[in-house]
Amino acid sequence: SKALANGPAARARRMPEARQRQPNEHMIFQLVVGCIMILATTVIHGFAAFTGVRMLRSHYSKRRGPPSTLHDTYTVALLVLWLFLAKVVEIWLWAGLFIGLGALETLEEALYFSTVTFSTLGYGDIVLNTRWRLLASFEAANGLFLFGWSTALIFAVVQRLDVIGDYKNRPKQD
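Residues numbered from 1 in each chain as written. Predicted model: local features only at pLDDT ≥ 70, side-chain atom pairs only at ≥ 80, totals over all residues. Heavy atoms only, no water.

**Focus on the overall build of the protein chain**
- Along the protein chain, the regular secondary structure elements total six helices and zero strands.
- Taken over 174 residues, the protein chain has a buried fraction of 30%.
- Carbon and sulfur atoms provide 65% of the accessible area of the protein chain, an area that totals close to 11,900 Å². (Helix = DSSP H or I, 4+ residues; strand = E, 2+ residues; numbered from the N terminus. Buried < 20%, exposed > 50% of the residue type's maximum accessible area, 1.4 Å probe, protein only. Areas by Shrake-Rupley, 256 points an atom, 1.4 Å probe, with all protein chains shown as cover.)

**Observations regarding the confidence of the model for the protein chain**
- Across the protein chain, pLDDT averages 86, with 81% of residues at or above 70.
- Note that pLDDT drops below 50 for residues 17-21; the model gives that stretch three contacts with residues more than four away or on any other chain. (pLDDT = per-residue confidence, 0-100. Contact = heavy atoms within 4.5 Å.)

**Quick notes on helix α5 (residues 107-118)**
- The end-to-end C-alpha distance of α5, which contains 12 residues, comes to 16 Å, matching closely the 16 Å that a straight helix rising 1.5 Å per residue would cover.
- All buried positions along α5 are accounted for by Ala110, Leu111, Phe113, Ser114, Val116, Thr117 and Phe118.
- Looking one or two places after α5, you find Thr120, whose phi comes out positive at around 60°. (Expected span 1.5 Å × (residues − 1).)

**What to know about the packing of helix α4 (residues 69-101) against α5**
- Relative to each other, α4 and α5 sit at 125°, their axes nearing to 8 Å. In this view, α4 runs oblique relative to α5, as classed from their interaxial angle. At the point where α4 passes α5, the crossing takes the right-handed sense. The segment α4 lies against α5, with Lys87, Glu90, Ile91, Trp92, Trp94, Ala95, Phe98 and Ile99 engaging Leu107, Ala110, Leu111, Phe113, Ser114, Thr115 and Phe118.
- Grouping the amino acids of the contact of α4 with α5 by side-chain chemistry returns 11 nonpolar, two polar and two charged. (Axes fitted to C-alpha atoms, helices over the stretch in contact; angles between N-to-C directions. Parallel < 35°, antiparallel > 145°, perpendicular 65-115°, else oblique. Left-handed = near helix turned anticlockwise from the far one by under 90°. Nonpolar A, V, L, I, M, F, W, Y, C, P; charged D, E, K, R; others polar.)

**A word on the nonpolar core**
- The biggest cluster of nonpolar side chains holds 19 residues, and the ones touching the most others in it are Trp94, Leu97, Phe98, Leu104, Phe113, Leu128 and Leu135.
- Mapped onto this core, the elements with two or more residues apiece are α3 (17-62), α4, α5 and α6 (133-169).
- When residues of this core are assigned to their parent elements, the largest contribution, five residues, is made by α4.
- Beyond its immediate sequence surroundings of up to four residues, Leu128 is in contact with Phe98, Ala103, Leu104, Phe113, Arg133 and Ala136.
- Listed in part, the 12 residues of the second largest apolar core include Val76, Leu79, Ala86 and Leu153. (Core = buried A, V, L, I, M, F, W, Y, C linked by side-chain atoms within 4.5 Å.)

**A few points about the packing of aromatic side chains**
- Under the defined criterion, the tally for this structure stands at five aromatic pairs.
- Taken together, the ring pairs connect Trp94, Phe98 and Phe113 into an aromatic cluster.
- The ring of Phe147 has Lys87 lying over it, and the distance from NZ or CZ to the ring centre is 4.8 Å. (Phe/Tyr/Trp six-rings, centres within 6.5 Å; stacked < 30°, edge-to-face > 60°. Lys NZ or Arg CZ within 6 Å of the ring centre and 35° of its normal.)

**Regarding the side chain of Glu139**
- Looking at the element boundaries, Glu139 is found in helix α6.
- Salt bridges are absent for the buried Glu139, whose nearest opposite-charge side chain, Lys87, sits at 12 Å.
- Not counting residues within four places of it along the chain, the set of residues in contact with Glu139 comprises Trp94, Phe98, Phe113, Ser114, Thr117 and Phe118. (Lys, Arg positive; Asp, Glu negative; His and termini not counted. Salt bridge = Lys/Arg side-chain N within 4 Å of Asp/Glu carboxyl O.)

If you want it as structure tokens, here you go:
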């Protein structure tokens, strides 16, 4: 009976009403901030993806000569690097948020945590306290979607280059 008198429900009954609402308000705050971060990182990623595609179109529209596996590989590698740089910016944005909120103390710790979380690697050697852990799940979901988007884009480019190469290598028909 002593445990019941000191349990969470008993403490909630003794708390003023305004204080009882705090956890829900904080959860809503995390949901709003998480959605804003997902929107911001998606805009960054969209800019990088569409800029990369436009650069590829421009480059290949001016390219003359036979297809080259080495050239295509180099081009895809540059696209991968370009999309990786977008990921770096997105991870820095999340890290900055965690420092700004006081959820993590140092830049190195925030960057490491955000990289591990965004990539969904999830080592678990650094974790956020319960006050901010919902944001960590938003970052992981965000990273999952954006890595998927990058993977799909790279796959589409490689497939397109392969189709273009096959088309250019076919003998002309009379």
